[in-house]
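The residues making up each chain are set out below.
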Amino acid sequence: GKPQRMAYLIITFLGFFLGLIAAIPIGPVNLLVVRRTLAYDPLHGFMSGLGAVAADAVYASITAFGFTALAQLIKGYSTALEIVGGLMLLYFGVRMYLAPPSIRPENGEEGESKTLPLLRAMISTFALAVTNPATLLAFTAMFAGVAGIVGQEASFYGAAFLVIGVLAGSTFWWFTLTTVTGLF
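Here the structure is a predicted model, which means the values were calculated and not measured. Every residue gets a number counted from 1 within its own chain, in the order that chain's sequence is written. Only residues with pLDDT of at least 70 get local features here, since the model is predicted, and only at 80 or more are side-chain atom pairs given and counted; chain-wide, interface and lining totals rely on the full set of residues. Note that the side-chain values use all heavy atoms of the structure and ignore hydrogens as well as water.

Description of the nonpolar core
- Joining through side-chain atoms within 4.5 Å is the link that ties buried Ala, Val, Leu, Ile, Met, Phe, Trp, Tyr and Cys residues into a set, and such a set is a nonpolar core. Buried residues are those whose accessible area, probed at 1.4 Å on protein chains only, stays under 20% of the maximum for their type, while exposed residues exceed 50% and partly exposed ones sit between those limits. Counting residues in hydrophobic clusters, the biggest one holds 32 residues, and the most contacted among them are Val29, Phe139, Phe143 and Trp174.
- A total of nine residues in this core trace back to one element, the largest contributor, which is helix 3 (residues 42-64).
- Contacts are assigned to residue pairs with any non-hydrogen atoms lying within 4.5 Å of each other. Residues contacting Trp174, with those up to four places away along its chain left out, are Ala23, Val29, Asn30, Val33, Phe46, Gly49, Ala52 and Val53. Helical segments are the DSSP runs of H or I of at least four residues, strand segments are the runs of E of at least two, and each set is numbered from the N terminus.

Side note on helix 1 (residues 2-23)
- End to end, helix 1 covers 32 Å across 22 residues, agreeing with the expected 32 Å (1.5 Å per residue, within 8%).
- Where helix 1 is concerned, the buried positions are Ala7, Tyr8, Ile11, Gly15, Leu18, Gly19, Leu20 and Ala23. Here the expected length of a helix is defined as 1.5 Å per residue gap, with one fewer gap than residues.

Looking at the environment of Ala64
- Counting through the fold element by element, Ala64 comes out in helix 3.
- When the C-alpha atoms of Ala64 and Val163 are compared, they prove to be 7.1 Å apart, with 99 residues separating the residues in sequence.

Details of the packing of aromatic side chains
- In this scheme Phe, Tyr and Trp rings, the latter by its six-membered ring, pair at centre separations within 6.5 Å, and the angle between planes marks the pair as stacked below 30 degrees, edge-to-face above 60, and tilted otherwise. The tally for this structure, following the rule as stated, stands at five aromatic pairs.
- Geometrically, the ring pair formed by Phe16 and Phe17 is edge-to-face, given 5.5 Å between the ring centres and 90° between the ring planes.
- For Phe16, a relative accessible area of 23% puts it in the partly exposed group.
- Under the relative-accessibility criterion, Phe17 is labelled partly exposed at 48%.
- Ring centres 5.7 Å apart and planes at 45° place the aromatic pair Phe16 and Phe172 in the tilted group. You can see Phe16 sitting in helix 1 and its partner Phe172 sitting in helix 8 (residues 156-182), a full 156 residues away along the chain.
- Linked through ring pairs, Phe16, Phe17 and Phe172 together constitute an aromatic cluster.

Digging into helix 6 (residues 118-130)
- Between its terminal C-alpha atoms helix 6 stretches 18 Å, which fits the 18 Å expected from 13 residues at 1.5 Å a residue.
- Where helix 6 is concerned, the buried positions are Ala121, Ser124, Thr125, Leu128, Ala129 and Val130.

Re the side chain of Arg36
- Position of Arg36 among the secondary structure elements: in helix 2 (residues 28-39).
- Overall, the relative accessible area of 7% leaves Arg36 in the buried class.
- In this structure Arg36 touches Asp41, His44, Gly45, Ser48, Phe92, Leu116, Ala121, Ser124 and Thr125, once residues within four positions along its chain are discounted.

As for the packing of helix 1 against helix 8
- Relative orientation of the contacting elements helix 1 and helix 8 amounts to 40°, with a least axis distance of 6 Å. On the basis of the axis angle, helix 1 is oblique to helix 8. The handedness of the crossing between helix 1 and helix 8 comes out as right-handed. Contact residues: Tyr8, Ile11, Thr12, Gly15, Phe16, Leu18, Gly19, Leu20 and Ala23 in helix 1; Tyr157, Gly158, Phe161, Leu162, Gly165, Val166, Ala168, Gly169, Ser170, Phe172, Trp173 and Trp174 in helix 8.
- In this count, Pro and Cys sit with the nonpolar residues alongside Ala, Val, Leu, Ile, Met, Phe, Trp and Tyr, while Asp, Glu, Lys and Arg are called charged and the others, Gly among them, polar. Here the residues of the contact of helix 1 with helix 8 sort into 14 nonpolar, seven polar and no charged. Fitted lines through C-alpha atoms give the axes, limited to the stretch in contact for helices. The angle between two N-to-C directions lies from 0 to 180 degrees. Just so you know how the angles are binned, under 35 degrees is roughly parallel, over 145 roughly antiparallel, 65 to 115 roughly perpendicular, and the rest oblique. In a left-handed crossing the near helix is turned counterclockwise from the far helix by less than a right angle, and in a right-handed crossing that turn is clockwise.

What to know about the environment of Thr63
- For Thr63, the position within the fold is in helix 3.
- Those residues in contact with Thr63 that lie beyond four places of it in its chain are Leu136, Phe139, Thr140 and Phe143.

Notes on the packing of helix 3 against helix 8
- It is at 9 Å that the axes of helix 3 and helix 8 come closest, and there the two elements cross at 160°. The orientation of helix 3 relative to helix 8 falls into the category roughly antiparallel. Considering only the axes of helix 3 and helix 8, their crossing is right-handed. In this structure, helix 3 contributes Pro42, Gly45, Phe46, Gly49, Leu50, Ala52, Val53, Asp56, Ala57, Ala60, Ser61 and Ala64 to the contact, and helix 8 contributes Ala159, Leu162, Val163, Val166, Leu167, Ser170, Thr171, Trp174, Phe175, Thr178 and Gly182.
- A class-by-class count of the residues in the contact of helix 3 with helix 8 yields 15 nonpolar, seven polar and one charged.

And the structure:
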């Protein structure tokens, strides 16, 4: 009924803000996205941001749908994931440091913007973001609070609307960040 639809709308808006909260903190992924936006163009930056959105989607889905067995599996390998994530950070950091400064070509000029395939930009950021098990813990904490705010019985529909909201909030952040950064 109408109260149910209103609850789903509230859940979606809460998910939107949780997506923003998850995406906004400045860290390696934000820095990578900003660098790609400045070095290539806003589209490359946005596609890189969508890699982080995909990682958020993985963790938000795991949390929202209650796949505790999978969460325990990830938790059991948190040291290995942290090592892989650290090695990736080191790799990206060394590549950024050693890369010559690039100046984005003016409109109409051919240049470097075609050298990083968009899908590769997205996948590499996804790989970096998904190796951070702290994201799973953050979503677990945030989603626990949402359950109390909405005050309705848990359902797969509610979980789906929450994840959709998270994806919308996170995507909004990456779009805004890359658009504004692209102005410079």
